[in-house]
Amino acid sequence: MDEHTALVTRRGENYGGRSREERATDRRDRILASALHLFGTHDYDDVTVAAVCTGVRVSKRYFYEHFVDREDLVRALHRQQNAWLLAGVSEAAPEAPGSLEEMLRPAVRRLLGMLQTNPERAQVIYINAPRMETRRRGVLREDAQFLAGMLRRAGGRPTTEIRYERLLLALVAGLSEVIIDWLSRGMTDDVDALADHLTDFCTAVLARLES
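Fair warning: this is a prediction, and the values are worked out from it, not measured in the lab. (Residues numbered from 1 in each chain as written. Predicted model: local features only at pLDDT ≥ 70, side-chain atom pairs only at ≥ 80, totals over all residues. Heavy atoms only, no water.)

Undergrad: In this structure, what is going on with the packing of aromatic side chains? I would like to understand it.
TA: Remark: the centre distance and the inter-plane angle together describe each pair of aromatic rings, the angle taken between the planes. Counting across every chain of the model gives three aromatic pairs. Ring centres 5.7 Å apart and planes at 35° place the aromatic pair Phe39 and Tyr44 in the tilted group. When sorted by exposure, Phe39 lands in the same class as Tyr44, which is buried. Ring geometry for Phe63 versus Phe67: centroids 5.5 Å apart, planes at 40°, classification tilted. Of the two residues, Phe63 and Phe67, neither departs from the other in class, the shared state being buried. Among the aromatic side chains, those forming a connected cluster through ring pairs are Phe63, Tyr64 and Phe67. The cationic tip of Arg61 hangs over the ring face of Tyr62; the distance from NZ or CZ to the ring centre is 4.3 Å. (Phe/Tyr/Trp six-rings, centres within 6.5 Å; stacked < 30°, edge-to-face > 60°. Buried < 20%, exposed > 50% of the residue type's maximum accessible area, 1.4 Å probe, protein only. Lys NZ or Arg CZ within 6 Å of the ring centre and 35° of its normal.)

Have a look at this one:
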């Protein structure tokens, strides 16, 4: 439970068969769902707190019990959606791959497939949330660490720590820019071909770790 929701529930009593904690958690989840739809279908600047509240039929008072402001809401939404995406990618990668390509190809294909079938989530993860520069930089580092964990499945280990970290950060940033370009053009490119191109790019860059 997040800090704001925990604060709301400290004085709770049951109502309608549900505790204050249960009602607060449900309300926060519904606010996030409304935000996902709005930020997933509109430009960042066009979405207001009032619109998010109207979409889920809660007052602004309840909104501010869970989130400090609109940016706090988007940060929470982005953390939620990025975790969903990385969980799916991790699940697609084999636990004991025979090579980098064998690990990366299904993972990249799953990533693109999840984005293609969930355009609202894709918009939030790659288009609207990155408008907040500090959050964008933090996510790139988190994703680089996630990739480092996946590479360990294929026996990837750093020889020089700082070189390894920088290479993975550059790789993740490059992947993100290609994906943003793909999303911005309506995801019209062939997904299998794009997955092949990104896999080839990854394996070429990661081969530098062994040189």
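The structure having been displayed, the exposition proceeds.
Undergrad: Looking at this structure, I do not really get the environment of Trp182. What am I missing?
TA: One can find Trp182 in helix H9 (residues 161-184). Not counting the four nearest positions on each side in its chain, Trp182 is found in contact with Leu112, Leu115, Gln116, Met187, Thr188, Asp189, Val191 and Leu194. (Helix = DSSP H or I, 4+ residues; strand = E, 2+ residues; numbered from the N terminus. Contact = heavy atoms within 4.5 Å.)

Undergrad: Help me understand unusual backbone geometry in this model?
TA: Among all residues except glycine, the phi angle is most often negative; among peptide bonds, the trans geometry is most common. The backbone of Arg57 shows a phi angle near 60°, a positive value even though the residue is not glycine. For Arg57, the position within the fold is in the loop between helix H3 (49-56) and helix H4 (60-66). Judged by relative accessible area, Arg57 falls into the exposed class, the value being 79%. Here Met187, not a glycine, exhibits a phi torsion of approximately 55°, which is positive. Within the fold, Met187 resides in the loop between H9 and helix H10 (191-206).

Undergrad: What exactly am I supposed to notice about the pattern of salt bridges here?
TA: Two side chains bearing opposite charge may form a pair once their charged atoms approach each other closely. Evaluation of the coordinates by the stated rule reveals 12 salt bridges. Notably, a salt bridge pairs Arg75 with Asp72, separated by 3.9 Å at the nearest N-O pair. Here Arg75 and its partner Asp72 are both found in helix H5 (residues 70-92), three residues apart, which amounts to about one turn of the helix. On the basis of relative accessible area, Arg75 is assigned to the partly exposed category, the value being 29%. By relative accessible area, which is 13% here, Asp72 ends up buried. (Salt bridge = Lys/Arg side-chain N within 4 Å of Asp/Glu carboxyl O.)

Geometric values such as these leave the question of function open.
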